[in-house]
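# Summary of structural features
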Amino acid sequence: MDKVQLEIFMRQLHSGNINALDNIYTLTSKSIYMLSCAILKNTEKAKDIMQETFIRVVANIDKYKSDNALAWILTIARNLSYREYANSGRSISLDIFKESVSDGKSTEELWTGEIDLNKAMAQLSVEEREVVTLFSIKGYKHREIAQIIGKPLGTVLWMYNKTIKKLKKMLEYNNKTH
């Protein structure tokens, strides 16, 4: 994605050129959809969040002051996705973490017993879950995650490593007890 072009289109939208929204959509819709899917695990709701995100971008364009449009837009999508998640009362699957915590073991070796996903997720803070989820989406680097969630890069790296260790311990404990 061309960040310079995105900034130009954001300035055009800010100036009242509503046609710039088409270009912003083209450059960011895939990232918004992937983020929402990772959080909600529901393609239809992710599409709804994507549409709502663009409505919010237009409604709040006067508040945009950053030089990183993608981070600003993804923050809107993230907040909408978590609000939807909180309202749905569902649990988030740990499938997205399996590759990160497997250490080369097969999924069957790690997940032989039934994990209570609600308990496992309750052991993670929202920020920990968010960092690991965003990293699991193809294309998001720790530096980009830092911009999206508004934390320093070192903090994001620390949170990611701490969360992966925590998940490994939960998996090891689950395998020992089953």
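Conventions we followed
Residues numbered from 1 in each chain as written. Predicted model: local features only at pLDDT ≥ 70, side-chain atom pairs only at ≥ 80, totals over all residues. Heavy atoms only, no water. Helix = DSSP H or I, 4+ residues; strand = E, 2+ residues; numbered from the N terminus. Buried < 20%, exposed > 50% of the residue type's maximum accessible area, 1.4 Å probe, protein only. Areas by Shrake-Rupley, 256 points an atom, 1.4 Å probe, with all protein chains shown as cover. Salt bridge = Lys/Arg side-chain N within 4 Å of Asp/Glu carboxyl O. Core = buried A, V, L, I, M, F, W, Y, C linked by side-chain atoms within 4.5 Å. Contact = heavy atoms within 4.5 Å. Lys, Arg positive; Asp, Glu negative; His and termini not counted. Polar contact = N/O pair within 3.5 Å; in protein donor to acceptor, adjacent residues only side chain to side chain. pLDDT = per-residue confidence, 0-100.

### Some remarks on the overall build of the chain
- Scanning the chain from terminus to terminus reveals 10 helices and zero strands.
- Walking the chain from its N terminus toward its C terminus, one meets helices and strands in the order α-α-α-α-α-α-α-α-α-α.
- Burial statistics for the chain: of 178 residues in total, 43% are counted as buried.
- Surface exposure of the chain reaches about 9900 Å², of which carbon and sulfur atoms provide 51%.

### A word on the side chain of Ser-29
- Examined against the element boundaries, Ser-29 turns out to sit in helix α2 (residues 20-40).
- Judged by its relative accessible area of 12%, Ser-29 falls in the buried class.

### Considering the pattern of salt bridges
- Counted according to the given criterion, the structure contains three salt bridges.
- Glu-84 is paired through a salt bridge with Lys-45; the nearest N and O atoms lie 3.0 Å apart. Highlighted residues: Glu-84 in helix α4 (residues 69-88) and Lys-45 in helix α3 (residues 43-59), separated in sequence by 39 residues.
- In this structure Glu-84 comes out as partly exposed when scored by relative accessible area, which is 25%.
- Residue classification places Lys-45 among the partly exposed positions, given a relative accessible area of 28%.

### A look at the nonpolar core
- By size, the foremost hydrophobic cluster in this structure holds 40 residues, and its most contacted members are Met-10 and Ile-24.
- Among the elements of the structure, α1 (3-14), α2, α3, α4, α8 (126-136), α9 (142-149) and α10 (153-177) are those that each provide at least two residues to this core.
- Among the elements that make up this core, the one with the highest residue count is α4 (11 residues).
- Every residue in contact with Met-10, bar those within four places of it in the chain, is listed here: Ile-24, Val-57, Ile-61, Tyr-64, Ala-69, Trp-72 and Ile-73.

### Structural notes on the side chain of Glu-7
- Of note, Glu-7 is situated in helix α1.
- One buried charged residue, Glu-7, forms no salt bridge at all, with the nearest opposite charge on Arg-11 at 4.9 Å.
- Within polar-contact distance, the side chain of Glu-7 engages the backbone nitrogen of Asn-68 at 3.4 Å.
- When near neighbours in sequence (up to four residues on either side) are disregarded, Glu-7 contacts Tyr-64, Ser-66, Asp-67, Asn-68 and Ala-69.

### Here we look at the confidence of the model for the chain
- When the pLDDT values of the chain are averaged, the result is 77; 73% of them are 70 or greater.
- In the predicted structure, residues 91-118 sits below a pLDDT of 50 and forms 48 contacts with residues beyond four places in sequence or in another chain.

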